[in-house]
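Examining the three-dimensional arrangement
One letter stands for each residue in the lines below.
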Amino acid sequence: MRALVWCNGDPPSDTILAGLVDGAVIFGIDGGADKASQSGYKVSEVLGDLDSISKDWDGETTELADQSSSDLVKSINLLAQRGFQEIDVVGCDGGSSSHQLGNWAALCEALAGPSIRLHHRDSITHRIHSEQRELIISEGTQFSVFALTSCSNVQIEGAQWEIHGSDLSLSTKGLHNVSQSEIVRIGADGVLAVMVERA
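Residues numbered from 1 in each chain as written. Predicted model: local features only at pLDDT ≥ 70, side-chain atom pairs only at ≥ 80, totals over all residues. Heavy atoms only, no water.

**Describing helix α4 (residues 97-109)**
Compared with an ideal rise of 1.5 Å per residue, which puts 13 residues at 18 Å, α4 spans 19 Å between its outermost C-alpha atoms and is within 8% of the ideal. When the local axis directions of α4 are compared, the greatest deviation, roughly 25°, occurs at Asn-103. Inspection of α4 places Asn-103, Trp-104, Ala-106 and Leu-107 among the buried residues, and these make up the whole buried set. Buried-residue contacts for α4 involve α3 (71-81), β6 (115-119), β7 (123-129), β9 (142-147) and β14 (191-197). (Helix = DSSP H or I, 4+ residues; strand = E, 2+ residues; numbered from the N terminus. Expected span 1.5 Å × (residues − 1). Bend = angle between axes of the 7 residues up to and from the residue. Buried < 20%, exposed > 50% of the residue type's maximum accessible area, 1.4 Å probe, protein only. Contact = heavy atoms within 4.5 Å.)

What follows is the structure, given as structure tokens:
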């Protein structure tokens, strides 16, 4: 199952939404539900502490009142518990800088298991969590790898600069790599954010 999670940041472009909407269940994170609805999309359910959803919202809502983590973390974890294996997040750009950094922190706090992708205007951030994954990246495409937790066994294969079992912490070491084949294999024993440039 795949969820499309719409946050309350800058609305995504039609180009970003192309291919994401079909076959996905759309969830609004608080006020993100209003933005999705205003863009013409039917929201299945609103998740979050419900402090920014419009007062006249009459659709299904699930209040996630715990204030010890962000609405995005709480929503991703709820969807993971419901069995969603893929979670695409849009509307996560814009707003305060702290919210944008918080989106990356959410990748650390979110439960292991589902594939999580943050869709930005110019790139897609893939979350790698204590696993190895094959990412389909067109040959010659630039991507960057950032360790969001301390990792002692990072693997990158199919790229201009490969890594085989190296340590990696949050740094610029993984900035600006280039794919050398259609499939890039990336793994770690911690949490990585892999940012792939849009074509």
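Additional details are given in the paragraphs that follow.
**Quick word on the packing of α3 against α4**
Direction vectors running N to C along α3 and α4 enclose 35°, while the axes themselves pass 9 Å from each other. Seen along the crossing, α3 lies across α4 with a hand that is right-handed. Between α3, through Leu-72, Val-73 and Asn-77, and α4, the contact on the second element is made entirely by Asn-103, Ala-106 and Glu-109. Considered class by class, the residues forming the contact of α3 with α4 number three nonpolar, two polar and one charged. (Axes fitted to C-alpha atoms, helices over the stretch in contact; angles between N-to-C directions. Left-handed = near helix turned anticlockwise from the far one by under 90°. Nonpolar A, V, L, I, M, F, W, Y, C, P; charged D, E, K, R; others polar.)

**Considerations on the pattern of salt bridges**
This structure, assessed with the given rule, holds six salt bridges. Glu-134 is the salt-bridge partner of Arg-185, the closest N and O atoms lying 3.0 Å from each other. Note that Arg-185 is positioned in strand β13 (residues 183-187) and Glu-134 in strand β8 (residues 132-136), a separation of 51 residues in sequence. Owing to a relative accessible area of 48%, Glu-134 belongs among the partly exposed residues under this scheme. Members of the salt-bridge network, linked through shared partners, are Arg-2, Glu-86, Asp-88 and Arg-117. (Salt bridge = Lys/Arg side-chain N within 4 Å of Asp/Glu carboxyl O.)

**Quick notes on the sheet that holds strand β2 (residues 25-29)**
Strands sit in the order β4-β3-β2-β1-β5-β6-β7-β14-β9-β12 across an open sheet of ten strands; the sheet is mixed. Looking along the sheet, the strands with just one partner apiece sit at the ends: β4 (61-63) and β12 (177-178). Across four bridges, strand β5 (residues 86-90) lies against β6 in parallel orientation. The residue of β6 that forms the bridge with Glu-86 is Ser-115. (Pairing = 2+ DSSP bridges.)

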